[in-house]
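Structural features, examined
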Amino acid sequence: SKHHWAYKGPEGPDSWHVHYKYCAGERQSPIDILPLTCEYDPGLEPFILDNFDYTSARTGPCVLNVTNNGHAASVRVSGEDLRVRGGGLQGVYKTAEFHFHWGSTDDLGSEHALDGIKFPLEMHVVNYAEKYGTIKQAMNKPDGLAVLGVFFQLSEVDNPNFVALDEALKHVHKAGEHNLVEQLVLRTLLPDDLSRYWRYNGSLTTPYCFESVIWTVFTEPQKISHTQLETLRSLLHEEGHDMNDRGDHHTNTPSRLVDNWRPLQPLHGRKVTRSFP
Ligand code: B30
Ligand code: ZN
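The text that follows walks through the structure, step by step, so that each part is easy to find. Everything numeric here is computed off the predicted structure, so don't read it as measured data.

Quick notes on the rules
- Residues numbered from 1 in each chain as written.
- Chains lettered and ligands numbered in written order.
- Predicted model: local features only at pLDDT ≥ 70, side-chain atom pairs only at ≥ 80, totals over all residues.
- Heavy atoms only, no water.
- Donors = N, O, S within 2.8 Å, 3.2 Å for Na, K, Ca; no water.
- Tetrahedral: all angles 85-135°; square planar, octahedral: opposite > 155°, others 65-115°.
- Buried < 20%, exposed > 50% of the residue type's maximum accessible area, 1.4 Å probe, protein only.
- Helix = DSSP H or I, 4+ residues; strand = E, 2+ residues; numbered from the N terminus.
- Polar contact = N/O pair within 3.5 Å; in protein donor to acceptor, adjacent residues only side chain to side chain.
- Contact = heavy atoms within 4.5 Å.
- Near = heavy atom within 4 Å.
- Nonpolar A, V, L, I, M, F, W, Y, C, P; charged D, E, K, R; others polar.
- Salt bridge = Lys/Arg side-chain N within 4 Å of Asp/Glu carboxyl O.
- Pairing = 2+ DSSP bridges.
- 1 Å grid on protein atoms, 1.4 Å probe; cavity = no way out; pocket = protein on both sides within 12 Å on 5 of 7 lines; lining within 4 Å.
- Points joined across faces, edges and corners; volume = space filled by probe spheres on them.
- Core = buried A, V, L, I, M, F, W, Y, C linked by side-chain atoms within 4.5 Å.
- Disulfide = S-S within 2.5 Å.

1. Observations regarding the coordination of the zinc ion (ligand 2)
- At the metal site, the zinc ion (ligand 2) is ligated by His 99 (NE2), His 101 (NE2) and His 124 (ND1), and these contacts range over 2.0 Å.
- Viewed at the metal, the four donor atoms of the zinc ion (ligand 2) are separated by angles of 98 to 117°, and the geometry they form is tetrahedral.
- For the zinc ion (ligand 2), all donor residues lie on one chain, and their spacing in sequence is H-x1-H-x22-H.
- His 99 gets classed as buried once you look at its relative accessible area, which sits at 13%.

Now the structure itself:
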């Protein structure tokens, strides 16, 4: 199997550093955000998201590629020219993909926590600094990536903006499968108010754990129904790895792709700031 890591068992988070040395660094993600200890930084202006509603897409409706990559559900937005500006970032960041982290139960799933509290789902919109040309070039630079984190909380009714993605996910049941989705508008999965967020310097939350991410976590959670969460929980994870509790990674029965979140990492003296007084 291509990955030498998993979320459980002998290749779980405590062992990631064996194959991927950066995972043992001092600028790792995710973290527990303690709002009362965060300082206000007036330089953290609102975000500007270019083309996130695809209004200036060059031709026709926007087609996104939804993939079950074996450790998450990821949506590639290549060719659509989505850009992120403002938000206290230097220069322009180009959007590469967005993906999700979720749990097996409703009290877990997000990677970041707020005062120790987790959400059932967290979305990451992954953007790379245009000045580095490609995400691959940007991935290991200290200011190479800007990831936008959005929490989701449970709602009684389906989130209408998640319906198209939910439908596409039903066609990527197994690891490696992908499906095109047309009616998914990324802007509608993000908070209306792009001016309220936390900011800190961190890392990729999966190996190689490069310390290259300027993290933004929005304060305003979005909504997801239990039914929609169950679609994510019914995806199957990469074969040859398992996420069961026995630590047996040679099982032939693929199990459900759940709990694809990394445990909280120490701050090591880092500052977390906030964009609002
Ligand atoms: S995250 O937002 O910190 N969770 C990557 C991007 C964002 C995050 C984590 C990782 C990333 O681009 N990783 C390198 C590429 N991956 C991509 C993949 O989709 O397949 C390769 C890999 O991990 O080894 Cu599995
Ligand atoms: Zn992520």
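2. Details of the side chain of His 99
- Within the fold, His 99 resides in strand 7 (residues 93-102).
- A distance of 3.1 Å separates polar atoms of two side chains, one belonging to His 99 and the other to His 101.
- Discounting residues that sit within four places of it in the chain, His 99 has contacts with Ala 73, Ser 74, Glu 122, Met 123, His 124 and Val 126.

3. Considerations on the site of ligand 1
- The environment of ligand 1 is formed by 16 residues, the closest being His 3, His 71, His 99, Thr 205 and Thr 206.
- A distance of 3.2 Å separates a nitrogen atom of ligand 1 from a polar side-chain atom of His 99.
- His 124 is positioned such that a nitrogen or oxygen atom in its side chain is 3.4 Å from an oxygen atom of ligand 1.
- Counting only elements with at least two residues in the shell around ligand 1, the list comes to strand 7 and strand 9 (121-129).
- When its residues are assigned to classes, the shell around ligand 1 shows five nonpolar, nine polar and two charged.

4. As for the pattern of salt bridges
- Summed over the entire model, instances satisfying the criterion amount to seven salt bridges.
- Here Arg 233 makes a salt bridge to Asp 106, at a shortest N to O gap of 2.8 Å. On the criterion of sequence distance, the pair formed by Arg 233 in helix 4 (residues 226-233) and Asp 106 in the loop between strand 7 and strand 8 (113-114) is long-range, its members being 127 residues apart.
- Of the charged contacts, one joins Asp 143 and Lys 131 as a salt bridge, the two residues approaching to 2.7 Å between their closest N and O atoms. Highlighted residues: Asp 143 in the loop between helix 2 (135-138) and strand 10 (145-155) and Lys 131 in the loop between strand 9 and helix 2, separated in sequence by 12 residues.
- On the basis of relative accessible area, Asp 143 is assigned to the partly exposed category, the value being 22%.

5. Description of the pairing of strand 10
- By the criterion of burial, strand 10 is predominantly enclosed, with nine of the 11 residues buried.
- Pairing analysis gives eight bridges linking strand 9 to strand 10, with the strands arranged antiparallel. Paired with Val 126 across the strands is Val 147, a residue of strand 10.
- Where strand 10 meets strand 13 (residues 213-218), five bridges bridge the pair, whose relative direction is parallel. Residue pairing across strands places Ala 146 opposite Ile 214, the latter belonging to strand 13.

6. Here we look at the layout of surface pockets
- For the largest pocket, the calculated volume is near 880 Å³.
- For the largest pocket, the lining is made up of 33 residues, of which Asn 69, His 71, Glu 97, Met 139 and Thr 206 are closest to its centre.
- Elements that contribute at least two residues to the lining of the largest pocket include exactly strand 4 (64-68), strand 5 (73-76), strand 7, strand 9, helix 2, strand 10 and strand 13.
- In terms of residue count, the dominant contributor to the lining of the largest pocket is strand 7 (four residues).
- Looking at the lining of the largest pocket, its residues break down into 16 nonpolar, 13 polar and four charged.

7. Considering the nonpolar core
- Ranked by internal contacts, the top residues of the largest apolar core, which has 47 residues, are Phe 98 and Met 123.
- For Phe 98, the residues in contact, after removing those within four places along its chain, are Leu 64, Ala 73, Ser 74, Val 75, Val 77, Met 123, His 124, Val 125, Leu 184, Leu 186 and Leu 189.
- Membership of the second largest hydrophobic core comes to 21 residues, among which are Ile 31, Leu 145, Phe 151 and Trp 198.

8. Overview of the state of the cysteines
- Per the counting criterion, the structure on display carries one disulfide.
- Disulfide pairing is shown between Cys 23 and Cys 209; the S-S distance is 2.1 Å. Disulfide Cys 23 to Cys 209: torsion about the S-S bond roughly 85°, handedness right-handed. Of the two residues, Cys 23 is situated in the loop between helix 1 (16-19) and strand 1 (32-33) and Cys 209 in the loop between strand 12 (197-202) and strand 13; the sequence distance between them amounts to 186 residues.
- Using a relative accessible area of 7% as the deciding quantity, one classes Cys 23 as buried.

9. Quick notes on unusual backbone geometry
- For the bond running from Ser 29 to Pro 30, omega is 5°, close enough to zero to count as cis.
- Within the secondary structure layout, Pro 30 lies in the loop between helix 1 and strand 1.
- Residue Pro 207 is joined to Tyr 208 through a cis peptide bond whose omega torsion reads 10°.
- You can see Tyr 208 is positioned in the loop between strand 12 and strand 13.
- Of note, the phi angle at Asn 51 is positive, near 75°, even though the residue is not glycine.
- A relative accessible area of 9% places Asn 51 in the buried class.
- The residue Asp 259 is not glycine, and still its phi comes out positive at about 55°.
- Locating Asp 259 in the fold gives a position in the loop between helix 4 and strand 15 (273-274).

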